[in-house]
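If you want the building blocks of each chain, they are given just below.
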Amino acid sequence: MQVIVCLKQILDPEMPSGSFHLDPNRKRAVPPPGTPPVLSPFDENALEAALRLKDGQGAKVIAVSLGDKLARAVVKKPLSAGADELVLLEDPEWEDLDHFASARVLAAAIRKIGEFDLILTGRQAADWDAGLVGSALAEELGLGCVTLARKIEVVKDKVRVERVAPDGYEVVEALRPCVVTVDSELGELRQITMPGIFAAKKKPIQEWKPADLKLASPAPARCELVDLYLPKRETVCEIIGGESPEEAALKLADKLLEKCPA
Amino acid sequence: MLLDLNDYRNDMKRCARCSICKWPPLAQMKSWRFSQNCPAISRFNFHAYSGGGRMALGLALAEGKLDEADEELSNIVYRCTACGACDSSCKYNSELEVLWPIYATRARLVGAGCFREEHGPIIESLRREDNPLMKSKSERGRWAEGLDVKDLSKGGQAEVIYHAGCLYSFDPELSKVARETVTLLRSAGVEVGIRGAQESCCGSMAFQLGFQGEFIKFAESNIDDWNALGARKVVTSCACGFGIMKAVYPLLGKKMKFEVVHISQYLDELIREGKLQLSKKIPLRVTYHDPCNLGRKSEEYVPWKGTEKKVLGQLIVREPEKTVHRGWEGVYDPPRDVIRAVPGINFVEMERIREYAWCCGAGGGVKTTMDDFALWTAGERIAEAQSVGAEAIVTACSWCERNLRDAAAAQGKKMQVLDIVELVKQAR
Ligand code: SF4
Ligand code: SF4
């Protein structure tokens, strides 16, 4: 069985808020010194799902990352965790692609890989939180898609998925190959160990450019980023006093009525 | 933001490439054999590994002349214990920052994702388990099992809180020191509390490796917790924790309602006040190893911002005046006074001491990721201790102890390594 996992490098969503700032002209967040990029945590859940399949019934796990200036210490993490191969799709042309363009490039890479039984992605990337790439990828490849998995089993020619629902979970089956997007309920990626890191140094890494995927033109963007800003939060505080609590309450009620007339 | 390489551009530009940072000041040298001060340049013998070389490298990075992702660059940057000896030597007759540009270079690389893969699990362990040792946080308070001490993780407050630190908490050999510390404090009448399973890393390792974002999270939450627990004194036996709490925590701008005290200072005070009496004779010839983070690196760092003017065509005058920390204000005398208070002890100094002390080799993440370099550096220190006829090295830091003990064992050297607390305990 061959499982492909797509993992995105993003700015650390847990960075201290004080170190976060935006470049308004380039409309992007500026990476602060001392806070490295990370793999999107949901994509790490997807990798964990793949590694559990590998542990359980044996599978070859191929990790794929797409972008520009991919930090090697970050994107090689799947190999240290136990993935067998890494495919890096890295090119200035692929910096800041929108969701649909990303799905198009990933689909081209997956077609080039050729053989696969299952494609896993996180339920969404923890930077834009759109949650589109998984489904768009399934569309590009003409495959079925199950979202929000909390458990994945492969049973004969089918994939059985426990899918997170608002009040529990539902069990869904889909024919292989298909795309499954993974939720955090599946569990955190296992801890990376030093032996894992040393073992990863011998694992194959492929680096593909647009020409390798025979993608002639840059993928057309379907989303335009119009503006990017930190929301302004203004708090106006007025202390309403009174001789007694009753008087203060009356004044408060009057004030509220004045602001929002019935 | 604490570490921005651009803040040090002028310092890095003014580095004269004089190489003074590779040696203790001439007036302090006692022999050719022990005349070097920088483990990195002594071991790798290429200018880029020295303080001055690191200034050139940081400047090239700040000016965009170097590719951050270069593997060899990362080798050079991290083969350095961040011991600060270069900084103290350079400042013998200058006012340049050397150590902070070294930190800022790392933070710059980390921000660009160009850290070493081996650092990944350390940071991950900090995020998941609140320690850099890949140990489960549920086991953190185990060192104190059975001790008569107030465990604040179960509620309550305490004016004096003992922070054991990660290595004293988890290292089976060293956790004895944490137990003995609590017992000593209790016997001297100190009502001490511990945070048990809720204690977390001081963030020092994250800071030294350049993971500033992670460091800030730990530092801020420690300050909040100690304030909330009513602490007036936070006592630690880990020099790394002490150094970071004294030198860097205050820069975060949070009110620290407590004083940070190293156990060597506290023991010294308790002995002076007669609350701890040492009566047993210990006829041992010992020397003292200054942990970098208790010595030169524990001085509070005051970042300078202002204008620089050149007068008489060459002298730089700063407006406002710069606070220069040369390592002089580190904690040097209290541990020595404690040793001298032990009856029958024969205390001898090594050649490189106080702000010019040779590092044990464990700092800056080197022990965890490049143990061979760490052991080589410790071996040099043991040789120095042997050269003055010491039978034991007394020190006051878990990382120094671990590394010196490992080196003595690996190199088959006969040298006891004692924590200052163990020495006091033996003399009771
Ligand atoms: S860092 Fe200081 S001592 Fe070292 S070369 Fe530069 S100016 Fe000289
Ligand atoms: S911090 Fe220590 S190891 Fe690093 S360059 Fe300076 S003296 Fe050498």
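Residues numbered from 1 in each chain as written. Chains lettered and ligands numbered in written order. Predicted model: local features only at pLDDT ≥ 70, side-chain atom pairs only at ≥ 80, totals over all residues. Heavy atoms only, no water.

Participant: How should I be thinking about the nonpolar core in this particular structure?
Facilitator: Side chains of nonpolar character tend, in soluble globular proteins, to be buried together. Core analysis: the biggest nonpolar cluster contains 188 residues, and Leu120, Ile152 and Val180 of chain A together with Phe215 of chain B have the highest contact counts within it. Per-element tally for this core: the top contributor is helix α6 (residues 99-111) of chain B, with 8 residues. What phenylalanine 215 of chain B contacts, discounting residues up to four positions off in sequence, is Leu2, Cys202, Gly203, Ala206, Phe207, Ile244, Val248 and Tyr249 of chain B. (Core = buried A, V, L, I, M, F, W, Y, C linked by side-chain atoms within 4.5 Å. Buried < 20%, exposed > 50% of the residue type's maximum accessible area, 1.4 Å probe, protein only. Helix = DSSP H or I, 4+ residues; strand = E, 2+ residues; numbered from the N terminus. Contact = heavy atoms within 4.5 Å.)

Participant: How do you make sense of the sheet that holds strand β5 (residues 259-262) of chain B when you look at a structure like this?
Facilitator: Strands belonging to one sheet form pairs held by backbone hydrogen bonds; the direction of such a pair is parallel or antiparallel. Residue and element names in this part refer to chain B. As summarised here, the arrangement of the 5 strands in space is β1-β3-β2-β4-β5, forming an open sheet in which the pairing is parallel. Of all strands in the sheet, those with a lone pairing partner are β1 (150-151) and β5, marking the two edges. Note that β1 and strand β3 (residues 192-194) share 2 bridges and pair parallel. Counterpart to aspartate 151 in the pairing with β3 is isoleucine 194. Contacts from helix α13 (residues 263-272) reach β2 (160-163), β4 (233-236) and β5, with the element oriented near 80° to β5. (Pairing = 2+ DSSP bridges. Axes fitted to C-alpha atoms, helices over the stretch in contact; angles between N-to-C directions.)

Participant: Which parts of the structure should I look at to understand the site of ligand 1?
Facilitator: In the vicinity of ligand 1, the contacting residues are Cys15, Ala16, Arg17, Cys18, Ser19, Ile20, Cys21, Gly52, Cys90, Leu96 and Val98 of chain B. Residues of the shell around ligand 1, tallied by class, amount to 8 nonpolar, 2 polar and 1 charged. (Near = heavy atom within 4 Å. Nonpolar A, V, L, I, M, F, W, Y, C, P; charged D, E, K, R; others polar.)

Participant: Looking at this model, I keep getting lost on the site of ligand 2. Mind explaining?
Facilitator: Close contacts around ligand 2 come from 14 residues, with Cys38, Arg54, Cys80, Cys83 and Cys86 of chain B the closest. Partitioned by chemical class, the residues of the shell around ligand 2 number 9 nonpolar, 4 polar and 1 charged.

Participant: For this particular structure, what's the right way to read the packing of aromatic side chains?
Facilitator: Per the stated rule, a full pass over the model turns up 14 aromatic pairs over all chains. Look at phenylalanine 44 of chain B and tyrosine 49 of chain B: their rings are 4.9 Å apart centre to centre, the planes differ by 25°, and that puts the pair in the stacked class. Among the residues examined, phenylalanine 44 of chain B registers a relative accessible area of 25% and is labelled partly exposed. On the numbers, 5.9 Å between centres and 80° between planes, the contact of tryptophan 143 of chain B with tyrosine 162 of chain B is edge-to-face. Pair noted here: tryptophan 143 of chain B is in the loop between α7 (119-129) and β1 and tyrosine 162 of chain B is in strand β2, with a separation of 19 residues, a long-range link. Here tryptophan 143 of chain B and tyrosine 162 of chain B have matching classes, each one buried. Through a chain of ring-to-ring contacts, the aromatic side chains of Trp100, Tyr103, Phe207, Phe215, Tyr249 and Tyr301 of chain B assemble into a single cluster. Lying across the ring of tyrosine 169 of chain A, arginine 150 of chain A places its NZ or CZ 4.1 Å from the centre. (Phe/Tyr/Trp six-rings, centres within 6.5 Å; stacked < 30°, edge-to-face > 60°. Lys NZ or Arg CZ within 6 Å of the ring centre and 35° of its normal.)

Participant: Explanation requested: the interface of chain B and chain A in the structure shown.
Facilitator: By a frequent convention, interface size equals the accessible area lost on bringing the separate parts together. With 25 residues of chain B at the interface, the matching set in chain A holds 25 residues. Regarding the contact of chain B and chain A, the summed buried area is about 2,100 Å², with carbon and sulfur atoms giving 57% of it. If you sort the residues of chain B by the area they bury against chain A, Glu117, Arg127 and Arg128 of chain B come out on top, with a joint share of 30%. Remark: the boundary between chain B and chain A carries 4 salt bridges. Where the side of chain B that touches chain A is concerned, the elements lending two or more residues are α6, α7 and α11 (212-228) of chain B. With 5 residues, α7 of chain B is the largest single contributor of residues to the side of chain B that touches chain A. Looking at the side of chain B that touches chain A, its residues break down into 10 nonpolar, 7 polar and 8 charged. (Buried area = accessible area lost by both parts, 1.4 Å probe. Salt bridge = Lys/Arg side-chain N within 4 Å of Asp/Glu carboxyl O.)

Participant: Please clarify how the pairing of strand β7 (residues 307-311) of chain B should be interpreted in this entry.
Facilitator: If a strand is regular, its side chains alternate between the two faces of the sheet. Residues and elements named next belong to chain B. The sheet contact formed by β7 and strand β8 (residues 315-319) spans 5 bridges and is antiparallel. Looking at β8, one finds that threonine 307 is bridged to glutamate 319. Where β7 folds back onto β8 in an antiparallel hairpin, the turn is made up of 3 residues, including leucine 312, whose phi is positive at roughly 55°.

Participant: I keep staring at the packing of α13 of chain B against helix α14 (residues 333-340) of chain B and nothing clicks. Help me out?
Facilitator: When two helices pack together, their arrangement is given by the angle between the helix axes and the distance between those axes. Residue and element names in this part refer to chain B. Their axes nearest at 8 Å, the elements α13 and α14 cross at an angle of 50°. Considering the angle they form, α13 stands oblique to α14. The two elements α13 and α14 meet at a crossing, and its hand is left-handed. Across the interface between the two elements, Ser264, Gln265, Leu267, Asp268, Ile271 and Arg272 of α13 pack against Pro334, Pro335, Asp337 and Val338 of α14. In the contact of α13 with α14, the residues fall into 5 nonpolar, 2 polar and 3 charged. (Parallel < 35°, antiparallel > 145°, perpendicular 65-115°, else oblique. Left-handed = near helix turned anticlockwise from the far one by under 90°.)

Participant: It is not clear to me how the state of the cysteines should be interpreted in this structure. Could you clarify?
Facilitator: Simply put, disulfide is the name for a covalent bond between the sulfur atoms of two cysteines. Overall, the coordinates contain 0 disulfides over all chains when judged by the stated rule. Free cysteine: cysteine 166 of chain B, not disulfide-bonded; nearest cysteine sulfur from cysteine 201 of chain B at 3.9 Å. (Disulfide = S-S within 2.5 Å.)

Participant: Mind showing me how you'd approach the environment of serine 19 of chain A here?
Facilitator: All names here are of chain A. Take serine 19: it is sitting in the loop between β2 (9-10) and β3 (21-23). Judged by its relative accessible area of 10%, serine 19 is buried. In the structure, serine 19 is positioned 106 residues away from alanine 125 in sequence and 21 Å away in space, judged by C-alpha atoms.

Participant: For this particular structure, what's the right way to read the environment of serine 136 of chain B?
Facilitator: Residue and element names in this part refer to chain B. Along the chain, serine 136 falls in the loop between α7 and β1. Separated by 34 residues in the primary sequence, serine 136 and phenylalanine 170 place their C-alpha atoms 9.4 Å from one another. When sequence neighbours within four positions are dropped, the list of residues in contact with serine 136 reads Glu129 and Phe170. Among the polar contacts listed, one links the side chain of serine 136 to the side chain of serine 138, at a separation of 2.7 Å. (Polar contact = N/O pair within 3.5 Å; in protein donor to acceptor, adjacent residues only side chain to side chain.)

Participant: Sorry if this is basic, but what is going on with the domain arrangement of chain B here?
Facilitator: Residue and element names in this part refer to chain B. Structurally, chain B comprises domain 1 (1-116), domain 2 (121-272) and domain 3 (278-295 + 330-428). Inter-centroid distance (C-alpha atoms) of domain 1 to domain 3 is 25 Å. Buried area between domain 1 and domain 3, both sides added, is near 1,900 Å², and the carbon and sulfur share of it is 65%. Across the domain 1-domain 3 interface, the total number found is 1 salt bridge. (Domains from an automatic or database assignment.)

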